[in-house]
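# Per-entry structural report
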Amino acid sequence: MDNYLEYGKQIYEEYCSTSENLPTMLPRAPEQTYIDVYPDEDQSGPSFTDDRRHQLDYETEVKVYRALEKVDGNFIVLHSFKYTHHQYRLCAGKSHIRKGCSNCKGKNAENQEGESDFLIICADSFIIIEVKNMDNVGEVLECEPDFHLCSIGEDWQPQCNRDQQLKALIGTFQKSVKQRNKIVELIECMDKDAKILQFTAYPNFSKQFKDEFKFSETTELRLSDDELSTIIFEEDLCRNELDAAWCSANVTLANYSSSDSHERVRNILLAIWATERNTCDKSKCSLGRCIMDVNKQLKEGRITFEPKKGKKRNQNPAVVKAPDVIRNNSNVENLTVEQHNAFESKENLLLINGPAGAGKTVILCGKILQLIQSDKNNKVVVFKFTGEGNNSQHYQSALDNASIKYELISTSEDEHTPAQLANLITECLCNVIIVEIPGYKDTTYLTDRLSVLSGYNLFVDDIQAVIRSNTTAEIFSVLINTLKDLSADKIVWIACDIVQVWSVYDTDLISIVANVITDILAPHQRTTLSSNLRNTFDLSNILSVIRDQFVKLCSLKSDILDIILPSQSPGHFIHGTLPVIHVFNNRNVDSIVSVINIDLDRLCATHELDYSDIGIVYANYSSSDVVPLVEDSVNM
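Residues numbered from 1 in each chain as written. Predicted model: local features only at pLDDT ≥ 70, side-chain atom pairs only at ≥ 80, totals over all residues. Heavy atoms only, no water.

## Digging into empty space enclosed by the protein
Just so we agree on the cut-off: Definitions used throughout: a 1 Å grid over protein atoms alone; a cavity as a set of points that fits a 1.4 Å probe which cannot get out; a pocket as an open set with protein on both sides within 12 Å along at least five of seven lines; a lining residue as one with an atom within 4 Å of a point. Grid points are joined across faces, edges and corners, and a volume is the space filled by probe spheres set on the points. Think of it this way: any DSSP run of H or I at least four residues long counts as a helix, any run of E at least two long counts as a strand, and we number them from the N terminus.
What the rule picks out here adds up to four cavities of 30 Å³ or more. Taken as a whole, the second largest cavity spans an internal volume of roughly 50 Å³. Lining the second largest cavity, in full, are Leu-351, Ile-463, Gln-464, Ile-467, Phe-476, Ile-480, Cys-496, Ile-498, Val-513 and Ile-517. For the lining of the second largest cavity, the elements supplying multiple residues, two or more each, are α16 (473-486) and α17 (507-520).

Following this line, the structure appears as structure tokens:
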């Protein structure tokens, strides 16, 4: 127990002790096991129904996590708190009689004894919250075929049986009470006078039906006033924020000094939460580790739930194991079906359109590796348009992993004429030549350089970089036709996201570009990647909403919109730290710098990070007056 006390004290001092009026969320981002995005149509197989149900249950917990995260107050939130019988035994000490206790025998002591969705540690109290998803009542109630729970906030549907719904809620409530009481038992065995509050959250259930549970004609389907007072309804989670009235009544927000007994329990609970396989891992509390773990999961394409060894589940039909050439060299484990179909395409000329983070570069890079490994005589030229944080590193890393030699040529309009670039490429003895083109160029810049190339497989990454204000239908047609001519006997694959230049140029120009693409390229020469894989679910969801708003502003034909604004949706349920988005009505330098300073101070409040751990990406075509001020904020 002394070890638990010491570890918990260290966790509190390193990660939870802050002067900021903000909660400490542990872990720093909500965890989600069932991360798959499944096809809309129902799938056969025993695990899909369970997987979807578990996913909805987890996402309901995420809703509560996000609500707690936005409460102003100095308290600690432990998400998914679990403890074993052995840990309970340590906490109870001599008060637990081992003789006759079946859980104390052999390996039984390592079995999970209790768990709580959320255990909140306030300055002078503890709050236990169990979360129940009333969209899934199957484990409590075997429903009739046409029975379903009403949508959030809607009136009862005529075909719904009130008693069945009440029975479902009563069943989940009673189950939550048992779960809550196990945590109460753990805390009280350490401090019998501890102040403990208990709640069950129904984020999908409206308070407007509260009277249904008070005045049911069936006695066993009633909840008392005391029981109802422990329910958190949908309205208490106003727009993913806990209602201020609920918080003021139940959560100790201020940083009062705690009693010795309260601090002791707090430290033990922190250590138990951070302990796995009898080892306390303090880094589980680290914001830095959380960010790196999420980034690794996204970067490696771990977008499907992998069960523990020996367990079986149905393969998500929307996800495909990445081919060896991609998995072994780009270190991407899985592809979406869209990505896989694009990679397997036999088209010589293929335009891959999709939003940033959809995996276009992964597919282009995989195809390059496949070409070289299938025939050592194949030659490839990659044109990669680069900018801040956008370079050819992915290609270089994958080629290094595959032991394929390449030449890197960095060029600009002033450094190499088309003839000079052609000579450099011709003289190169490597199988792959990467031509990095910094900044934005005129359309004719690329056309001129392509015109002097022949005999090479060609890959162009981010071709939208050559769409300029002076790009006409005729100029862009020449470029696309040049690419088409080169594909007569070689592979020519192109990646683009035209919407990236929409913010710079008007709709008419973008429409011209889309019309040229649809006129020259046949449908089978165009493909779209719609799943955002590189961002967290939270960011992907926000970007999807923004893109949908763009679509609503357009009066273009649907086939043109499919080119300019292909549908975009989250490709997984991998959550990250809370994204904060500031929307400015106008470009005000003082406001931008003020917001940056506030957010930097919040990030560094726990002393877990300092300013050297934080990077800022800022892009604006007239940013010369902002950048120095931003740099001053970061370097202060």
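There's plenty left to go through after this.
## Brief notes about the sheet that holds strand β19 (residues 526-528)
What counts here: Pairing between two strands is assigned when DSSP locates at least 2 bridges connecting them. Throughout, an axis means a line fitted to C-alpha atoms (over the contacting stretch in the case of helices), and angles, computed between N-to-C directions, take values from 0 to 180 degrees.
Taken together, the seven strands give an open sheet; going across it, the order is β15-β16-β14-β17-β18-β13-β19, and neighbouring strands pair in parallel fashion. Edge positions in the open sheet fall to β15 (406-410) and β19, since each of these has one partner strand only. Between one strand and the next, the sheet's axes are offset by a mean angle of 15°, whatever the strand orientation. Both strand β13 (residues 349-353) and strand β18 (residues 492-496) contribute to a ladder of five bridges, which runs parallel. When the sheet's bridge partners are listed, Leu-349 is paired in β18 with Val-492.

## Some remarks on unusual backbone geometry
Heads up, the rule is: The cut-offs for exposure are 20% and 50% of the maximum accessible area for each residue type, with area from a 1.4 Å probe on protein chains only; residues under the lower value are buried, those over the upper are exposed, and the others partly exposed.
Cis peptide bonds are those with omega within 30 degrees of zero, and the linkage from Leu-26 to Pro-27 qualifies with 0°. Position of Pro-27 among the secondary structure elements: in the loop between β1 (24-26) and α2 (46-69). Even without being glycine, Ser-80 reaches a positive phi, approximately 60°. Mapped onto the elements of the fold, Ser-80 is located in strand β2 (residues 76-84). The backbone of Asp-462 sits at a positive phi, close to 70°, despite the residue not being glycine. One can find Asp-462 in the loop between β17 (457-461) and α16. Using a relative accessible area of 10% as the deciding quantity, one classes Asp-462 as buried.

## Observations concerning the state of the cysteines
Going by this rule: Whenever a pair of cysteine sulfur atoms sits within 2.5 Å, that pair is classed as a disulfide.
Scanning the model with the defined rule gives zero disulfides in all. Residue Cys-280 stays outside any disulfide, its sulfur separated by 7.4 Å from that of Cys-285, the closest cysteine. Here Cys-280 falls in the buried class, since its relative accessible area comes to 18%. Just so you know, Cys-285 is unpaired, no disulfide at all, and the nearest cysteine sulfur is the one on Cys-16, 6.3 Å from it. Looking at Cys-285, the relative accessible area reads 0%, which means it is buried.

## As for the nonpolar core
Within soluble globular proteins, side chains that are nonpolar generally end up buried alongside one another. Keep this limit in mind: Among buried residues, the Ala, Val, Leu, Ile, Met, Phe, Trp, Tyr and Cys ones that are joined through side-chain atoms within 4.5 Å form a nonpolar core. Any two residues whose heavy atoms approach within 4.5 Å at even a single point are treated as in contact.
Of all hydrophobic cores here, the largest spans 48 residues; its most connected members are Phe-383 and Leu-483. Here the element with the most residues in this core is α17; it accounts for seven residues. With near-sequence residues (within four places) excluded, Leu-483 lies in contact with Leu-349, Leu-450, Leu-458, Val-460, Ile-463, Val-492 and Ile-494. By size, the runner-up hydrophobic cluster in this structure holds 33 residues, among which are Tyr-4, Cys-16, Cys-91 and Ile-187.

## Things to note about the environment of Leu-450
In this fold, Leu-450 is placed in helix α15 (residues 443-450). Sequence-wise, Leu-450 and Leu-483 are 33 residues apart; in three dimensions their C-alpha atoms are separated by 7.7 Å. In contact with Leu-450, not counting residues within four places along its chain, are Phe-383, Leu-458, Leu-479, Thr-482, Leu-483 and Leu-486.

## Describing the pattern of salt bridges
Cut-off, in case you're wondering: Think of a salt bridge as a Lys or Arg side-chain nitrogen and an Asp or Glu carboxyl oxygen that are within 4 Å of each other.
If you walk through the whole model with that rule in mind, you get 18 salt bridges. A salt bridge links Lys-321 to Glu-306, with the nearest nitrogen and oxygen atoms 3.2 Å apart. You can see Lys-321 sitting in strand β11 (residues 319-321) and its partner Glu-306 sitting in the loop between α9 (287-299) and β11, a full 15 residues away along the chain. Using a relative accessible area of 46% as the deciding quantity, one classes Glu-306 as partly exposed. For the salt bridge of Arg-327 with Asp-324, the shortest nitrogen-to-oxygen distance reads 2.4 Å. Taken together, the residues Arg-327 and Asp-324, both in helix α10 (residues 324-329) and three residues apart, mark about one turn of the helix. Judged by relative accessible area, which is 46%, Asp-324 ranks as partly exposed. One network of salt bridges, with partners in common, ties together Lys-296, Glu-300, Arg-302 and Glu-333.

## Notes on the packing of α16 against α17
Heads up, the rule is: Handedness of a helix crossing follows the sense of rotation of the near helix relative to the far helix, less than a right angle counterclockwise being left-handed and clockwise being right-handed. Following the grouping adopted for this structure description, the nonpolar residues are Ala, Val, Leu, Ile, Met, Phe, Trp, Tyr, Cys and Pro, the charged ones are Asp, Glu, Lys and Arg, and the polar ones are all others, Gly among them.
At a minimum axis separation of 9 Å, α16 and α17 run at an interaxial angle of 35°. α17 is crossed by α16, and the crossing has right-handed handedness. Where α16 abuts α17, its residues Ala-473, Phe-476, Ser-477, Ile-480, Asn-481 and Lys-484 lie against Ile-512, Val-513, Val-516, Ile-517 and Ile-520. Split into classes, the residues belonging to the contact of α16 with α17 amount to eight nonpolar, two polar and one charged.

## Here we look at the pairing of β13
When you tally the buried positions in β13, you get five out of five residues, the bulk of the element. Here β13 shows a buried face lined by Leu-349, Leu-351 and Asn-353 and a second buried face lined by Leu-350 and Ile-352. Where β13 and β19 come together, three bridges link them in parallel fashion. In the sheet register, Leu-351 faces β19, and the bridge partner there is Arg-526.

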